[in-house]
There are 2 protein chains.
Amino acid sequence: MTTSFHPPVRTLMGPGPSDVSPRVLAAMARPTIGHLDPEFIRMMDEVKAMLKTFFKTDNELTMPISAPGSAGMEACFVNLIEPGDKVIVCQNGVFGGRMKENVVRFGGECILVEDEWGTAISVEKVKAAFAAHDNIKALAFVHAETSTGVRSDAKALCKIAQDNNALSIVDAVTSLGGVELDVDGWGIDAIYSGTQKCLSCPPGISPVSFSDKAVDVVKNRKTPVPSWFLDTNLVMGYWGGGGKRAYHHTAPVNSLYALHESLVMLEEEGLENAWARHQKHHLALRAGLEAMGIGFLVDEADRLPQLNSVYIPEGVDDAAVRAALLKNYNLEIGAGLGALAGKVWRIGLMGSAATQRNVMLCLDALENTLADMNAPINTGVAAQAAAAVFSE
Amino acid sequence: MTTSFHPPVRTLMGPGPSDVSPRVLAAMARPTIGHLDPEFIRMMDEVKAMLKTFFKTDNELTMPISAPGSAGMEACFVNLIEPGDKVIVCQNGVFGGRMKENVVRFGGECILVEDEWGTAISVEKVKAAFAAHDNIKALAFVHAETSTGVRSDAKALCKIAQDNNALSIVDAVTSLGGVELDVDGWGIDAIYSGTQKCLSCPPGISPVSFSDKAVDVVKNRKTPVPSWFLDTNLVMGYWGGGGKRAYHHTAPVNSLYALHESLVMLEEEGLENAWARHQKHHLALRAGLEAMGIGFLVDEADRLPQLNSVYIPEGVDDAAVRAALLKNYNLEIGAGLGALAGKVWRIGLMGSAATQRNVMLCLDALENTLADMNAPINTGVAAQAAAAVFSE
C-alpha cells in the first residue's frame, strides 16, 4: 500500500518554486466550490483586477492560464504566430531557446539574436536585426532570464518593436512582482508569467496579458489557432467577466484560491514596496557572499535581485554542496544550466523567500558547508556584512 | 483593498468538480518543495504507479498532465494526429464535439458518427463508418459523456478500432474511478482523464496513458508536434522515472500532492469497491427520484451511476430551483447543456460525493424545493425509497 506523502519542510531559495506563505497554503486548502458558482466568478473577477494592477495594464485580456508558465509562453505564440510569420527571438539563456522552439513549431520563421549566457540582450543587435529584415511580425524576449539571473532592458526592446511596427512578446515568469515591470508604459503586447516565482504561490498557473493590438491580431488570423485549450478567443469567453460565462474548461479552483491570496498579500505590501524588498535582500545577500569571496556571474547593472547566479568556488563539488545544504539545512538552491552547470549556483530570493531570516540562513549554511569541504572562502565575515546592509 | 477569499462550504453534486475529501485538501496545503527535490521525484513515481493500477495498464507513458482534462484531450490529439490523418469521431454530447474540434485544428480529416444526446454511441454505426472509409488512423470517442450521463461500450468500440488497425483515443474524464475501465484489457491506445470527477481531487490535472503502439506513432511522426508544452517526447523526459529527469516545465507541486492523496485513498478503498459504491449510491438516488416521479434521460443499460441526468418536472423553473438549492442547502447540481438546457438536471455522485449523506440531502432538498414551487411531484416517499436500497 502507498502511504500519504508528507514532504520535508524546505527553505526554497532556488530558481523557483519559491517559499509559499502559510496564508497561501491555507487558502489553497479551502473547500472546493463549483467553477461556475457565483462566488467563484466573483473571485475570478478579483484575480483579473489584481493581475491588471500588478502588470500595470488596462488590457481587458488579462487572466491566469490554467497551466504552468510554459503553457503561458505557448499561449502567446500559438495565438499570435501563423505559418510564415517572421519573429526575432532573443536568446541569452534557456528560455529564449524555448521561445525559438515555439515559433518554429507553429510554422514561423525564427531570426535569432544571440547573446552570451549571463549577459543582457544587446539592444544594438536587436536594432540591427530589424534593419536587416523586412516584415517582422514580432520581437520575443525574456525580461528576467531564470537560467542566468539577467535582467534585460524590456522598455528599450519594446520601443524598438514599436518603432518597427512589430508586436512584442515578453517572458516575465521571474520578473512579475520582483522588479519593475510596466506593461502599458512600455507598450508590451503579450506577456506571460508564473505563480511560483515572485508571487510565491505554488506552481501551476500562468498569468498572461494581451494588448488590444495583440487581440486584434488573433481575431484576424488567416488560420485557426492550432490549440483548443489555449485559444484566447475561447478562454476569454470563460474569463471575460461582466455577463454570462461560456464553459471552456474547468478552472483549477483551489490553485486560483492560492493565486488570489498571494495577490491580496502583494496588494497589502504594495507592488513598489515588494520591488524594494527584493532589492534590499539582494544587497544583503550580495554583501555576505562577496565578503565570503564568492562572486557574481552577471554585471551589476543587469542583475536580477531575485535570482543570484554566483560562481562556485574553485575545486568545490557542486552537487555535494547542494545535497549537503538540502540534507543538513533543508535548504534548496539551484544548479547552473547548460554550459553553466557545475560553474554557478542560482540563489533565489523570490517573493516570500526574500526575508532576512532566509538571507542569514543561506549565508550560514553555505559558509559552514564550504568550510567543511575546505573550500577557499573567507569565514566569519559574511553574517556581519549582510547584517550591516539590513541595519542601513 | 481586496480581502481574502473564503468560499462557502458547498455540497458538490454537479458534473464536477465533486466534493473533495478533507484529507486531500490537507495534502494540498502541505509545504511546497522543489519540483526536482528527491522527495518530490519519489512522490511522482508513486503517482505514476497508482495511475497505472487504476487505468489497469502497464503503459510506461502513464502520467498526469499539468493542466485540466481539456489539455489532456489536446495532448492525445496533438501528439497522435498529423495533417491529413483521417479520424472517426463519435459525437453523442458536448465532448465528442470538442474531439472533432481538436482533430480539425491539427489538420486532420474528421469523419463524424453522430448519435442523439442521451444515447450511447452506436457500435453498428462505427462499424459502418470503418467499412465506408479507408486508411482510418484513429477512432475517438467519449467513454462517459459528462454532458448527458451516458456510458458507451468502450470495450466493443476499441475492438472495432483494433480490427481495423486504427488507434483508439478515449475520453475517460468522468469514468476513471467511477465505472469499469480496463486500458490494457480493452486495448485502448490513448486515454485521458481529470482529477475533479471520481478521483475527487480539485480540478487542474489530467492523467493520461499512451500504449506502446501510440508512443511509436508519436516517435515516427513526419512533422514536429505542434505544441511544446504537450509534446509527450519532452514530457516523458521529465516524468520518465528511473534515472535522471530532464527539466521540461515546473510541475504543479501542491496539486500533485492532492492527486497523490486521492489515489492513496482509492488504493485503500480498492478500485472495484469504488465502482460498486458508485453503483449502490446511484441505485439509492434513483429509487428516491423515481418515487418522487422524476425520470431519467438515459436508458437504464447505458446510465453512468456517477452522473444522473433527470428530467425537470413539468412547469418548473430550472434556474430558480438550482439557485434555491445553492442558497438554502449549499447544494450544487448541474444544468443541462445544449438542447438539454432547461430540460434536465445533471446530478453527480462522483468520488467522495457518493455518500449516503449526500443522497439523502439531495432528495430532501429537491423535494422541499420542488414542493415549495408546487411542482407535480410525489412527496414524503423519496427518503424511504432510497433508505430501502441502502439497507439491502
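Residues numbered from 1 in each chain as written. Chains lettered and ligands numbered in written order. Predicted model: local features only at pLDDT ≥ 70, side-chain atom pairs only at ≥ 80, totals over all residues. Heavy atoms only, no water.

Q: Explanation requested: the overall build of chain A in the structure shown.
A: Scanning chain A from terminus to terminus reveals 14 helices and 13 strands. Against the compact-globule benchmark of 21 Å for 392 residues, chain A has a radius of gyration of 21 Å, which places it among compact chains. Across its three principal axes, chain A shows a C-alpha extent of roughly 65 × 55 × 50 Å. Expressed as a percentage of its 392 residues, the buried residues of chain A come to 64%. Put simply, of all contacts in chain A between residues at least 6 apart along the chain, 72% involve residues at least 24 apart. (Helix = DSSP H or I, 4+ residues; strand = E, 2+ residues; numbered from the N terminus. Rg over C-alpha atoms; globule rule 2.2 N^0.38 Å. Buried < 20%, exposed > 50% of the residue type's maximum accessible area, 1.4 Å probe, protein only. Contact = heavy atoms within 4.5 Å.)

Q: I tried to follow the sheet that holds strand β1 (residues 11-13) of chain B on my own but got confused; where do I start?
A: Strand pairing within a sheet occurs via backbone hydrogen bonds; the two strands may be parallel or antiparallel. Residues and elements named next belong to chain B. Pairing within the open sheet is mixed, and its 4 strands lie in the order β1-β12-β13-β11. Only two strands of the sheet have a single partner each, and these edge strands are β1 and β11 (307-311). Sheet twist, expressed as the average angle between the axes of neighbouring strands with direction ignored, equals 35°. Inspection of the sheet shows strand β12 (residues 331-335) paired to strand β13 (residues 344-348) by 2 bridges, in the antiparallel sense. Across the sheet, the residue bridging to Gly-334 is Arg-346, located in β13. (Pairing = 2+ DSSP bridges. Axes fitted to C-alpha atoms, helices over the stretch in contact; angles between N-to-C directions.)

Q: It is not clear to me how helix α6 (residues 154-163) of chain A should be interpreted in this structure. Could you clarify?
A: Every α-helix winds through 3.6 residues per turn, so residues three or four apart in the chain are directed the same way. Residues and elements named next belong to chain A. Residues of α6 that are buried include every one of Ala-154, Leu-157, Cys-158, Ile-160 and Ala-161, and no others. End-on view of α6: buried residues confined to an arc of 155°, all on one side of the axis. With respect to the buried face of α6, the exposed residues turned more than 90 degrees away are Lys-155 and Asp-163. For α6, the secondary structure elements touched by its buried residues are α5 (123-132), β5 (136-142), β8 (167-171) and α7 (183-186). Downstream of α6 by a residue or two, Asn-165 has a phi angle that is positive, lying close to 60°. (Arc of directions from axis to C-beta.)

Q: So what exactly am I meant to see when it comes to the relation of the copies chain B and chain A here?
A: Turning one copy of the chain about an axis and sliding it along that axis gives the other copy, so a rotation and a shift relate them. After a rotation of 180° and a shift along the axis of 0.0 Å, chain B superposes on chain A with an RMSD of 0.0 Å. One copy is carried onto the other by what is essentially a two-fold rotation axis. (Least-squares fit on C-alpha atoms with pLDDT ≥ 70 in both.)

Q: Would you explain the sheet that holds strand β1 (residues 11-13) of chain A in this entry?
A: Residues and elements named next belong to chain A. Strand order in the open sheet formed by 4 strands is β1-β12-β13-β11, and the pairing between neighbours is mixed. The sheet is open, and its two edges are formed by β1 and β11 (307-311), each paired on a single side. Recorded for the sheet is a direction-independent mean angle of 35° between the axes of neighbouring strands. Sheet analysis places β1 next to strand β12 (residues 331-335), joined by 3 bridges and oriented parallel. Bridge assignment links Leu-12 to a residue of β12, and that residue is Glu-332. Sitting on the sheet, helix α12 (residues 318-329) touches β12 and β13 (344-348), and the angle it makes with β12 is about 160°. In the packing of helix α13 (residues 356-372) onto the sheet, the strands contacted are β1, β12 and β13, and the crossing angle to β1 comes to about 85°.

Q: What is the right way to read the nonpolar core from this model?
A: Here is a general trend for soluble globular proteins: nonpolar side chains tend to be buried in one another's company. Core analysis: the biggest nonpolar cluster contains 185 residues, and Phe-77 of chain A together with Phe-77 of chain B have the highest contact counts within it. Setting aside residues no more than four positions away along its own chain, Phe-77 of chain A makes contact with Met-99, Asn-102, Val-103, Phe-106, Ala-140 and Ile-169 of chain A. (Core = buried A, V, L, I, M, F, W, Y, C linked by side-chain atoms within 4.5 Å.)

Q: Explain the interface of chain B and chain A to me, please; I cannot follow it from the model alone.
A: When the parts of a complex come together, some accessible area is lost, and that lost area is often used as the size of the interface. Contact with chain B, which involves 71 residues of that partner, is made by 71 residues of chain A. When the buried surface of chain B facing chain A is broken down by residue, Phe-5, Arg-105 and Trp-228 of chain B rank first, second and third, together holding 14% of it. At the boundary of chain B with chain A, the tally comes to 4 salt bridges. Note that Arg-10 of chain A and Asp-37 of chain B form a salt bridge whose closest N and O atoms lie 2.7 Å from each other. At the junction of chain B with chain A, the criterion picks out 25 residue pairs in polar contact (both at pLDDT 80 or more). Among the secondary structure elements, those contributing two or more residues to the side of chain B that touches chain A are α1 (22-28), α2 (38-55), α3 (69-80), α4 (94-105) and α10 (253-269) of chain B. No other element matches the 9 residues that α10 of chain B contributes to the side of chain B that touches chain A. Counted by class, the side of chain B that touches chain A contains 35 nonpolar, 20 polar and 16 charged residues. (Buried area = accessible area lost by both parts, 1.4 Å probe. Salt bridge = Lys/Arg side-chain N within 4 Å of Asp/Glu carboxyl O. Polar contact = N/O pair within 3.5 Å; in protein donor to acceptor, adjacent residues only side chain to side chain. Nonpolar A, V, L, I, M, F, W, Y, C, P; charged D, E, K, R; others polar.)

Q: Explanation requested: the packing of helix α11 (residues 271-292) of chain B against helix α13 (residues 356-372) of chain B in the structure shown.
A: For any two helices packed against each other, the geometry is given by the interaxial angle and the distance between the axes. All names here are of chain B. As a packed pair, α11 and α13 sit with axes 10 Å apart at the nearest point and diverge in direction by 15°. Between α11 and α13, the interaxial angle falls into the category roughly parallel. Between α11 and α13 the crossing geometry is right-handed. Where α11 approaches α13, its residues His-281, Ala-284, Leu-285, Gly-288, Leu-289 and Met-292 are matched on the opposing element by Gln-356, Val-359, Cys-362, Leu-363, Leu-366 and Glu-367. (Parallel < 35°, antiparallel > 145°, perpendicular 65-115°, else oblique. Left-handed = near helix turned anticlockwise from the far one by under 90°.)

Q: What's the story with the domain arrangement of chain A in this structure? I'm lost.
A: Residue and element names in this part refer to chain A. Along its sequence, chain A is carved into domain 1 (22-267) and domain 2 (271-390). Taking the mean C-alpha position of each, domain 1 and domain 2 sit 29 Å from one another. Each partner contributes residues to the interface: domain 1 has 26 residues there, and domain 2 has 22 residues. For the domain 1 and domain 2 pair, buried surface summed over both sides reaches about 2000 Å², with 63% attributable to carbon and sulfur atoms. Counting the surface domain 1 buries against domain 2, the share from its top three residues, Trp-117, Gly-149 and Arg-151, is 21%. Taken together, domain 1 and domain 2 are joined by 1 salt bridge. The partner of Lys-56 in a salt bridge is Glu-272, and the shortest N-O contact between them spans 3.4 Å. One can count 8 residue pairs in polar contact (both at pLDDT 80 or more) joining domain 1 with domain 2. (Domains from an automatic or database assignment.)

Q: Help me understand the pairing of strand β10 (residues 206-210) of chain B, please; the structure alone is not making it clear to me.
A: Working note: regular strand, side chains alternate between the two faces of the sheet. Residue and element names in this part refer to chain B. Counting buried residues in β10 gives 5 out of 5 residues, a clear majority hidden from the surface. Neither face of β10 is open: one carries Ser-206, Val-208 and Phe-210, the other Pro-207 and Ser-209, and all of them are buried. Sheet analysis places strand β2 (residues 61-65) next to β10, joined by 5 bridges and oriented antiparallel. Opposite Met-63, over in β10, you have Val-208 as the bridge partner. Alignment of strand β9 (residues 190-192) against β10, held across 3 bridges, turns out to be antiparallel. Paired with Ile-191 across the bridge in β10 is Ser-209.

Q: Mind showing me how you'd approach the environment of Leu-230 of chain A here?
A: Note that Leu-230 of chain A resides in the loop between α8 (212-219) and α9 (232-239). Leaving out residues up to four positions away in the same chain, Leu-230 of chain A has contacts with Ile-65, Ala-71, Glu-74, Ala-75, Val-78, Asn-79 and Val-235 of chain A.

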